[in-house]
Amino acid sequence: MDEPVAGTVPPRRAGRGTLVFQYATVAVFLLGAAYPLLAAAAGTGDWAGLADPSLERYGDPKEWALPPGPETFWNPLLWIFAFSRVTVMLSAITLLGLVGVAAGVVRLARRGAGRGRFVALLVGTLLCAAVTVVMLTPYGAQLRTWLLD
């Protein structure tokens, strides 16, 4: 049996933490920003408002951002959705996206992963870049402003 070289990560585990971080960052964005926006669009029937989210179109985002299930303190979904929304509102998602991109680029440059892991890292890196770019555009600022109201 081949022994791994000291200081290297075996190929089957290369980038696992980076992948988890990247996809968790994208999930936080989807739950914190995309879910309330899509719920508001579906609830009002104003699908054109997806390109222009505002209080005038969708009203208070708290009306649309409730997770499924009981609205009690002990509902774990409530905590997950609240954490995601606060992360997006405080612009921490931009920082998380940048860290995800940087970690992905470093892992991709090492090329220590197999083909499947390489593709997953590439997709995760591109998704984190997309989240970062969206939140740095005027659309992201408008979305964040709507969520803050």
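Everything numeric in this text was worked out from a predicted model, so none of it was measured. (Residues numbered from 1 in each chain as written. Predicted model: local features only at pLDDT ≥ 70, side-chain atom pairs only at ≥ 80, totals over all residues. Heavy atoms only, no water.)

Caption draft 1: Focus on the pattern of salt bridges. Enumeration according to the criterion identifies 2 salt bridges in this entry. We note a salt bridge from R57 to D46, for which the minimum N-O separation is 2.8 Å. In this pair, R57 sits in helix 2 (residues 55–58) while D46 sits in the loop between helix 1 (16–44) and helix 2, placing the two residues 11 residues apart along the sequence. Judged by relative accessible area, R57 falls into the partly exposed class, the value being 33%. A salt bridge links R57 to D52; the shortest N-O distance between them is 3.6 Å. Among the ionic contacts, a cluster of salt bridges with common partners joins D46, D52 and R57. (Salt bridge = Lys/Arg side-chain N within 4 Å of Asp/Glu carboxyl O. Helix = DSSP H or I, 4+ residues; strand = E, 2+ residues; numbered from the N terminus. Buried < 20%, exposed > 50% of the residue type's maximum accessible area, 1.4 Å probe, protein only.)

Caption draft 2: Representation of a nonpolar patch on the surface in the model. A contiguous nonpolar surface patch, about 300 Å² in accessible area, is contributed by Y23, V119, V123 and L127. Top element by residues in the nonpolar patch is helix 5 (residues 115–136). It accounts for 3 residues. Within the element layout of this structure, V123 appears in helix 5. (Patch = residues over 30% accessible without salt bridge, like charges linked within 9 Å, V, L, I, M, F, W, Y side chains within 5 Å. Areas by Shrake-Rupley, 256 points an atom, 1.4 Å probe, with all protein chains shown as cover.)

Caption draft 3: Focus on the side chain of T125. Structurally, the position occupied by T125 is in helix 5. Apart from residues no more than four positions distant in its own chain, T125 is found in contact with Q22, V101, G104, V105 and L108. (Contact = heavy atoms within 4.5 Å.)

Caption draft 4: Region of the structure containing the confidence of the model for the protein chain. Summary statistics for the protein chain give a mean pLDDT of 85 and a share of 87% for residues scoring 70 or more. Mean pLDDT across the elements of the protein chain bottoms out in helix 2 (82) and peaks in helix 5 (93). (pLDDT = per-residue confidence, 0-100.)

Caption draft 5: Local environment of the nonpolar core. I93, W146 and L147 are the most contacted members of the largest nonpolar core, which has 16 residues in total. Of all the secondary structure elements, the ones that give two or more residues to this core are helix 1, helix 3 (76–89), helix 5 and helix 6 (138–148). Considering each element in turn, this core owes the most residues, 7 residues, to helix 1. Those residues in contact with I93 that lie beyond four places of it in its chain are T25, V28, F29, T87, V88, V131 and M135. (Core = buried A, V, L, I, M, F, W, Y, C linked by side-chain atoms within 4.5 Å.)

Caption draft 6: The arrangement of the packing of helix 4 (residues 92–110) against helix 5 in detail. Look at helix 4 against helix 5: their axes get within 8 Å of each other, and the N-to-C directions meet at 150°. Between helix 4 and helix 5, the crossing angle belongs to the class labelled roughly antiparallel. In this structure, helix 4 crosses over helix 5, and the sense of that crossing is left-handed. Of the residues in helix 5, those touching helix 4 at I93, T94, G97, L98, G100, V101, G104, V105, R107 and L108 are F118, L121, L122, T125, C128, A129, V131, T132, M135 and L136. Of the residues contributing to the contact of helix 4 with helix 5, the split by class is 13 nonpolar, 6 polar and 1 charged. (Axes fitted to C-alpha atoms, helices over the stretch in contact; angles between N-to-C directions. Parallel < 35°, antiparallel > 145°, perpendicular 65-115°, else oblique. Left-handed = near helix turned anticlockwise from the far one by under 90°. Nonpolar A, V, L, I, M, F, W, Y, C, P; charged D, E, K, R; others polar.)

Caption draft 7: Layout of helix 6. Every buried residue of helix 6 is accounted for by G140, L143, R144, W146 and L147. Mapping the buried residues of helix 6 onto a view down its axis gives an arc of 160°, with all of them on the same face. Pointing more than 90 degrees away from the buried face of helix 6 are the exposed residues P138 and L148. Contacts from the buried residues of helix 6 go to helix 1, helix 2, helix 3 and helix 5. (Arc of directions from axis to C-beta.)

Caption draft 8: Focus on unusual backbone geometry. For S91, which is not glycine, the phi torsion reads 65° and is therefore positive. Topologically, S91 is positioned in the loop between helix 3 and helix 4. Its relative accessible area of 29% is what places S91 among the partly exposed residues.

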